[in-house]
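Topology and contacts: notes
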Amino acid sequence: MPRDIPVGNGSLLVTFDSSYSVRDFYFPYVGKENHTRGYPCRFGLWTQEGFSWINPKEWNISLGYLDETLVTAVFLRHEKLRLQLMCNDVVDFEKNIYLRKMIIKNSAPTEREIRLFFHQDLSVMENEIGDTVFYDAKQNCLIHYKGPRYFLINCSAGDVWGVREYATGIKRHQGAEGTWRDAEDGILGGNPIAQGSVDSTIGISLKIPPFGESVAYYWIAVGRTYAEVNLLNNILLSEKPQAILDRTASYWKHWVNKEEFNYGNLPAEVINLFKRSLLVLKTQIDNGGAIIAANDSDILQYAKDTYSYMWPRDGALVAHALMSAGYSTVCRKFFDFCANVVAPYNFCASVMVEDGFLLHKYNPDGSFGSSWHPWVRGEEIHVPIQEDETALLLWAIGQYYDMYRKIDVIRPLYHSFIEKAADFLVSYRDDETELPLPSYDLWEERRGILSFTVATVYGGLMAASRLSEIFNYTEKTKLYRQTAEKIRKAMDQYLYSEKLNRFLRMIVPKEEGGFEIDETVDASLYGLFAFGAYPPDDVRVQNTMKAIEEVLWVKTEIGGIARYERDTYQRAGNDDSIPGNPWIICTMWLAQYYIAITKSVKDLDRSIYYLKWAVSRALPSGVLAEQINPFTGEPMSVSPLTWSHATLVQTVMDYLKKLQELHTCGQCGRSIFLHERDGRQQIKKHLPGNLVSFEEQDVCQYADNVILKKNGAAISVNIDKNKCVGCGICAVRAGDAIALVNDKARLVPEKTGTWDVEEGFEKCCPLGAILVKKET
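Residues numbered from 1 in each chain as written. Predicted model: local features only at pLDDT ≥ 70, side-chain atom pairs only at ≥ 80, totals over all residues. Heavy atoms only, no water.

Here we look at the overall build of the protein chain
The condition is simple: Helical segments are the DSSP runs of H or I of at least four residues, strand segments are the runs of E of at least two, and each set is numbered from the N terminus. Using C-alpha atoms as the atom set, the radius of gyration is obtained and then compared with a globule rule of 2.2 Å times the number of residues to the power 0.38. Burial classes: relative accessible area under 20% of the type maximum marks a residue as buried, over 50% as exposed, and values in between as partly exposed (1.4 Å probe, protein chains only). For accessible areas, the Shrake-Rupley method is used with a probe of radius 1.4 Å. Any residue's cover is judged against the shown protein chains and nothing else. Note that His is not counted, nor are the chain ends; the positive residues are Lys and Arg, and the negative ones are Asp and Glu. By convention, the point assigned to a charge is CZ for Arg, NZ for Lys, CD for Glu and CG for Asp.
Looking only at helices and strands, the protein chain features 18 helices and 37 strands. Its C-alpha atoms give the protein chain a radius of gyration of 29 Å, near enough to 28 Å, the size a compact globule of 776 residues would have. For the protein chain, the proportion of its 776 residues judged to be buried stands at 60%. Of the roughly 30,900 Å² that the protein chain leaves accessible, carbon and sulfur atoms contribute 49%. Positive and negative side-chain charges of the protein chain, numbering 84 and 99 respectively, have mean locations separated by a distance of 4 Å.

Here you go:
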């Protein structure tokens, strides 16, 4: 079941399922510890007509967010009970407080008593042993605690502050279901304390006038001590819940718009998903630097494990997307995190002394995560290396330096990670072929010499060579570059198939010599151009990407690109006519390829098609899953998947950079379209009054066409928004008559009455987006 609307602040993460039940409650790390263990914390209400827990069978539920924020916008309606609820959930952006606001509307013509019930199914520190929950009469609240974890539950409605109705008791032990059952008659028992495997429920009583409404708030303050949660509760009581909600909404709205991108001719729905993806990404990243793959505990039912780990591969690609979008601070923390976890490992006494490589995956506190890769093969030590994970981090650090030139950030990473990792990549090669030795693939299912992995090693070593040159380590610079070049030649020789006229997925060395060939078409072959091993217009790459599109496109109404031929992981049905479930990341990789080879603005339409496909496969809230059901379009596996959102962000940034590259002035060679923040600042310099900020866009009325009177004649002025890229040239020429709104030229009708439009004015637009003509 997807997690439709996660909210968090980097140390506290709360997720909800489609029934609007809290399902995951992570603290003190994003991804660790989950204090609900995936069990639902229910929300329901009682009226004289009956009781109902919020659920899709009885309620009409709409789960979303307030625009450009991490504040939920949830609408609930029960026809028979004649009730509507509008709810906002938020985790304060700097304090560990989860807050819910509820506006309850009475659709009946009589006054009614309504009782709201909130169920807390907490297993503190991820187990049910030795928990305590008690009623704190001093603060009029409930407190769950165990060891260094405290959860203070409180509420308010009108002039009533504090918990007045509550129940504590035993859950999932000796037949006890939990205190949520106690709520279903509308009255809670009031037991003041329980210990062991416990849960709790609180109630809020409201009287709502005919066709009227009431407001209530519910919150959980989280900390390591009683004093800490008590302080948080007092802050909320003094500042008031609405202020917490408002300031958090303001913060996220400014955070997601901080770069002020010019989005050119991207469709509005793609821009909205881009911004939503940035916000969702932020919820999945721990303040300590760990970029977590996903935090949907429903995946537990498959293998009793989760995606709540930092995979270096995912993290490196997510970091690259965020740095491309201007969020460099997150990347710096991630690099520091990885530099601290890379170290010599000696798991097999003194036999294995390999170092410099990142392991399978890590917990958000930096400890080694669970793994299914064996450390022995027969009687031989078998190092469970996924070499692309180490190589991609090197490549990402190189990309970071290329974008930001922050040498002071790179300097402490050089000896702690860059040199160590690059030396490992150099040494972990076959002396005869020059190729990297076998390692596990990016899908973590097979071991061999993967085209994707080899391409990442090439990219990582080239990045290490550039970074070594900064510090004048000339021998290292030469070694890393020459090794990368040898690997590149070996790819030509061993990984390209003349027979197939494309690259192979993998080769596996045989004991008797030679290689076992894996001809499977795999979407990860996009890595051949993505990390610099080959130019995207290399005919061998083009043939490979053509095979990916032809073989892996899911030929149902749903569409999308599968991972590889005959993919069985969480496969929907047994239809052999499809290669597997479509994946968001694989479809975005194809879009990135078409952007990379595009030579004209018109050709960019193809990548827009794939971006719109991603929009159509998102949940209404904008959350993207790992996979999509090829027959129904429903999300499958974990949701949200951090990697899915990152590939969409990267694809949008690739699109904008390509749009800038293609829009060049024929005379000076400079771009007339600037997507980045500096470009917006340049536009501001010559458009001080014509560049409308996102806060001001609803103040005035704007138009795409107007009729003017000049010398007794009617003249129409039209602006084609699809062609306009927001260069601002027309706005400068037109004075106040044209403004840039959402990076599009818009006419200002109240100003055009005095506009003496010049003959030939339309020629000022280098893209032909303006048409001026006399009306007959």
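What about helix 10 (residues 474-495)?
The following threshold applies: What a helix is expected to span follows from its residue count: subtract one and scale by 1.5 Å. This arc is taken over the directions from the axis of the helix to the C-beta atoms.
With 22 residues, helix 10 should reach 32 Å at 1.5 Å per residue; the first-to-last C-alpha distance of 31 Å fits that figure. Those residues of helix 10 lying buried are Thr477, Tyr480, Thr483, Ala484, Ile487, Arg488, Ala490, Met491 and Leu495. Taken down its axis, helix 10 places every buried residue within 165° of arc, on the same side. In helix 10, the exposed residues that point more than 90 degrees away from the buried face are Glu475, Lys489 and Gln493.

Some thoughts on the side chain of Thr36
Stated precisely, the cut-off is as follows: Note on contacts: a residue pair is in contact if any heavy atoms of the two residues lie within 4.5 Å.
Counting through the fold element by element, Thr36 comes out in the loop between strand 4 (32-34) and strand 5 (43-47). Excluding anything up to four places from it in sequence, Thr36 contacts Arg23, Asp24, Phe25, Cys41, Asp121 and Leu122.

Some points on the environment of Gly186
Within the fold, Gly186 resides in the loop between strand 16 (165-170) and strand 17 (193-196). Assessed through its relative accessible area of 2%, Gly186 is described here as buried. Each C-alpha atom, one on Gly186 and one on Trp46, is 5.6 Å from the other, the two residues being 140 residues apart in sequence. The residues contacting Gly186, other than those within four sequence positions of it, are Trp46, Arg115 and Phe117.

Focus on the packing of aromatic side chains
Selection rule: The pairing test for Phe, Tyr and Trp rings, Trp by its six-membered ring, is centres within 6.5 Å, and the orientation test on the planes gives stacked under 30 degrees, edge-to-face over 60, and tilted for anything in between. Here, a charge over a ring means that NZ of Lys or CZ of Arg falls within 6 Å of the ring centre while also lying within 35 degrees of the ring normal.
Scanning all chains against the criterion turns up 51 aromatic pairs. With centroids separated by 5.3 Å and ring planes inclined at 75°, the aromatic side chains of Tyr609 and Tyr610 adopt a geometry described as edge-to-face. When its relative accessible area of 4% is taken as the criterion, Tyr610 is described as buried. Just above the ring of Tyr65 sits the side chain of Arg276; from NZ or CZ to the centre is 3.9 Å.

Examining the pattern of salt bridges
We apply this condition: We define a salt bridge as a contact between a side-chain nitrogen of Lys or Arg and a carboxyl oxygen of Asp or Glu at a distance within 4 Å.
Overall, the coordinates contain 42 salt bridges when judged by the stated rule. Between Glu68 and Lys253 there is a salt bridge; the shortest N-O distance is 3.5 Å. One end of the pair, Glu68, is in the loop between strand 7 (60-65) and strand 8 (72-78); the other, Lys253, is in helix 2 (residues 241-256), with 185 residues separating them in the sequence. The exposure class of Glu68 is buried, given its relative accessible area of 19%. Accessibility expressed as a relative area gives 27% for Lys253, which makes it partly exposed. The partner of Lys721 in a salt bridge is Asp704, with the nearest N and O atoms 3.8 Å apart. Taken together, the residues span a long stretch of sequence, with Lys721 in the loop between strand 34 (713-719) and helix 17 (729-734) and Asp704 in the loop between strand 32 (691-692) and strand 33 (705-710) at a distance of 17 residues. Each member of the salt-bridge network shares a partner with another, and the members are Arg37, Asp121, Glu128, Lys171 and Arg172.

What about the pairing of strand 27 (residues 515-518)?
What counts, and what does not: The pairing criterion for strands is at least two bridges between them, as found by DSSP.
Here strand 26 (residues 506-509) pairs with strand 27 via four bridges, running antiparallel. Following the sheet pairing, Met506 is matched in strand 27 by Asp518. In textbook terms, the turn of a hairpin is the stretch between consecutive antiparallel strands, and for strand 26 and strand 27 this stretch comprises five residues, one of which, Gly513, has a positive phi near 105°.

Some words on the state of the cysteines
By definition, a disulfide is the covalent link that joins the sulfur atoms of two cysteine residues. Stated precisely, the cut-off is as follows: Cysteine sulfur atoms are paired as a disulfide whenever they fall within 2.5 Å.
A complete count under the given rule lists zero disulfides for this structure. Looking at the unpaired Cys41, the closest cysteine sulfur is the one in Cys87, lying at 16 Å. A relative accessible area of 9% means that Cys41 is categorised as buried.

What to know about the packing of helix 5 (residues 312-324) against helix 15 (residues 642-662)
Helix packing geometry: the angle between the two helix axes and the distance between the axes. Keep this limit in mind: Axis definition: a line fitted to C-alpha atoms, over the contacting stretch in the case of helices. Angles run 0 to 180 degrees between N-to-C directions. Handedness of a crossing is defined here by the sense of rotation of the near helix relative to the far one, left-handed for an anticlockwise turn of less than a right angle and right-handed for a clockwise turn.
Relative orientation of the contacting elements helix 5 and helix 15 amounts to 35°, with a least axis distance of 8 Å. Read as a crossing pair, helix 5 and helix 15 show a hand that is left-handed. For the pair formed by helix 5 and helix 15, the contact residues are Arg313, Asp314, Leu317, Val318, His320, Ala321 and Ser324 on the first element and Thr642, Trp643, Ala646, Val649, Gln650, Met653 and Lys657 on the second.

Topic: the sheet that holds strand 26
Strand order in this open sheet of four strands is 22-23-26-27, and the pairing throughout is antiparallel. Both outer strands of the open sheet, strand 22 (439-440) and strand 27, are each paired with one neighbouring strand and no more. The pairing of strand 23 (residues 447-450) with strand 26 spans two bridges and is antiparallel. Bridge pairing links Ile449 to Ile507 in strand 26. Its contacts with the sheet put helix 9 (residues 451-470) on strand 22 and strand 23, and the angle it makes with strand 23 is roughly 55°.

What to know about the packing of helix 13 (residues 584-597) against helix 14 (residues 605-617)
Note the following rule: Put simply, angles under 35 degrees are roughly parallel, angles over 145 are roughly antiparallel, angles from 65 to 115 are roughly perpendicular, and the rest are oblique. Three classes are used, and their members are as follows: Ala, Val, Leu, Ile, Met, Phe, Trp, Tyr, Cys and Pro are nonpolar, Asp, Glu, Lys and Arg are charged, and the others, Gly among them, are polar.
Where helix 13 meets helix 14, the axes come as close as 8 Å, and the angle between the chain directions of the two elements is 160°. The orientation of helix 13 relative to helix 14 falls into the category roughly antiparallel. Considering only the axes of helix 13 and helix 14, their crossing is left-handed. Residue-level inspection shows Ile584, Thr587, Met588, Leu590, Ala591, Tyr594 and Ile595 of helix 13 in contact with helix 14, the latter providing Arg606, Ser607, Tyr610, Leu611, Trp613, Ala614 and Arg617. Residue classes in the contact of helix 13 with helix 14 are distributed as 10 nonpolar, two polar and two charged.

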